Amino acid sequence: MMHLHQMEDSPFCEKIRLLLHYKNVPYESVNYGASTITRIRRINSAGKVPVLVSGKQTVTDSTDICRFIEQQYPDKPVYSDSADESALIHVLEDWADESLYFMEMYFRFAIKTNSKAMLPLLLAHDPVWLRWLVGPLVVNGVKGILNRQGTSRRSTEQLQKDLKSHVNALESMLGKQPFLVADHLTMADLSVYVQLKRINQTPEGSAVISESLIVVNWLKRIHELTES
Ligand SMILES: N[C@@H](CCC(=O)N[C@@H](CS)C(=O)NCC(=O)O)C(=O)O
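What counts, and at which threshold
- Residues numbered from 1 in each chain as written.
- Predicted model: local features only at pLDDT ≥ 70, side-chain atom pairs only at ≥ 80, totals over all residues.
- Heavy atoms only, no water.
- Near = heavy atom within 4 Å.
- Polar contact = N/O pair within 3.5 Å; in protein donor to acceptor, adjacent residues only side chain to side chain.
- Areas by Shrake-Rupley, 256 points an atom, 1.4 Å probe, with all protein chains shown as cover.
- 1 Å grid on protein atoms, 1.4 Å probe; cavity = no way out; pocket = protein on both sides within 12 Å on 5 of 7 lines; lining within 4 Å.
- Sits in = over half its atoms within 2 Å of the grid points.
- Nonpolar A, V, L, I, M, F, W, Y, C, P; charged D, E, K, R; others polar.
- Salt bridge = Lys/Arg side-chain N within 4 Å of Asp/Glu carboxyl O.
- Helix = DSSP H or I, 4+ residues; strand = E, 2+ residues; numbered from the N terminus.
- Buried < 20%, exposed > 50% of the residue type's maximum accessible area, 1.4 Å probe, protein only.
- UniProt positions renumbered as here; feature names shortened; annotations may be inferred.
- Pairing = 2+ DSSP bridges.
- Right-handed = clockwise from strand over helix to strand, strands pointing away.

*Asks:* I keep staring at the site of the ligand and nothing clicks. Help me out?
*Replies:* Around the ligand sit Ser10, Phe12, Ile37, Gly47, Lys48, Val49, Pro50, Asp61, Ser62 and Tyr101, and that is every residue in its neighbourhood. Val49 places a polar main-chain atom, nitrogen or oxygen, 2.9 Å from an oxygen atom of the ligand. Within the side chain of Ser62, an N or O atom sits 2.6 Å from an oxygen atom of the ligand. Summarising the interface, the protein chains cover 76% of the accessible area of the ligand, which totals 510 Å² for the free molecule. Judged by the fraction of its atoms near the pocket grid, the ligand is located in the largest pocket. Among the residues making up the shell around the ligand, the classes are represented as five nonpolar, three polar and two charged.

Rendered as structure tokens:
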């Protein structure tokens, strides 16, 4: 049985859960809270989740884990044999992981009213008596990252405009086909989905996303394929 070491609220961990569910692969979760995440260093020196342990193999980084799962369970492929499609899947997965991720952190945690609503999800695996302390520390940590990286130096209105451009781009890709890259679900869809789903949990994000019926329907399609 494979073990997924994860923080439940992390989009990268959800990417793996959805892929395993889509491929009907059994696994067990090992959950970490914000107060216990440093323990992951025992199996991943980078100190990050997700980590997948399969027999004697330990695989880190969501992108490498998805490739590993595809190799082990090739049914219902989420990559492509076509070089053009593979290139697009690669670029979209990286864009979602390395760019959209900062946007989802901003919308969920840098806007005060939203972070209050999001903290219970983030701290679900922390002891109740510690949450009052860990919650503000995590939010401050996220704000520090967003400030150094630059996202939170833009205003919410500017970020909503950026999001609108992203949604328009996705809408163009989905104009002629049900999935972003191929005629079937790929890692491009799953990677973008987990980030957009989180942005959509916030009023500022969903105000933008809900303007595109094509993108809303695509989100529902991915939800039905991977979460129901
Ligand atoms: N590129 C990595 C990113 C993983 C990542 O940033 N994980 C976060 C949770 S969303 C984490 O483990 N943070 C703990 C820490 O940095 O201490 C991947 O795709 O797996």
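*Asks:* Looking at this model, I keep getting lost on the pattern of salt bridges. Mind explaining?
*Replies:* Scanning the model with the defined rule gives ten salt bridges in all. Two residues, Lys15 and Asp97, come together in a salt bridge whose shortest N-O distance is 2.8 Å. A residue pair is termed long-range when its members are at least 10 positions apart, and Lys15 in helix α1 (residues 11-22) and Asp97 in helix α3 (residues 83-110) qualify at 82 residues. The class for Lys15 is buried, based on a relative accessible area of 0%. Residue Glu211 pairs with Lys164 through a salt bridge whose shortest N-O separation is 2.9 Å. On the criterion of sequence distance, the pair formed by Glu211 in the loop between α8 (203-209) and α9 (213-227) and Lys164 in helix α6 (residues 156-174) is long-range, its members being 47 residues apart. By relative accessible area, which is 54% here, Glu211 ends up exposed. By sharing partners, the salt bridges in this structure join Glu14, Lys197, Arg198 and Glu227 into a single network.

*Asks:* I would appreciate a short explanation of the UniProt feature "domain: GST C-terminal" (unreviewed entry) in the protein chain in the present structure.
*Replies:* As recorded in UniProt, the feature "domain: GST C-terminal" (unreviewed entry) lies at residues 82-228. In the segment residues 82-228, helix accounts for 76% and strand for 0%; the C-alpha atoms at its two ends are 29 Å apart.

*Asks:* Mind showing me how you'd approach the pairing of strand β1 (residues 2-6) here?
*Replies:* Two faces, one strand: in a regular strand the side chains alternate between the faces of the sheet. In terms of burial, β1 is a largely internal element, four of the five residues being buried. With five bridges connecting them, β1 and strand β2 (residues 27-31) associate as parallel partners. Looking at the pairing, Gln6 lines up with Asn31 of β2. Handedness of the crossover joining β1 and β2 through α1: right-handed. As defined by bridge partners, β1 adjoins strand β3 (residues 51-54) across three bridges and the pair is classed as antiparallel. Counterpart to Leu4 in the pairing with β3 is Leu52.

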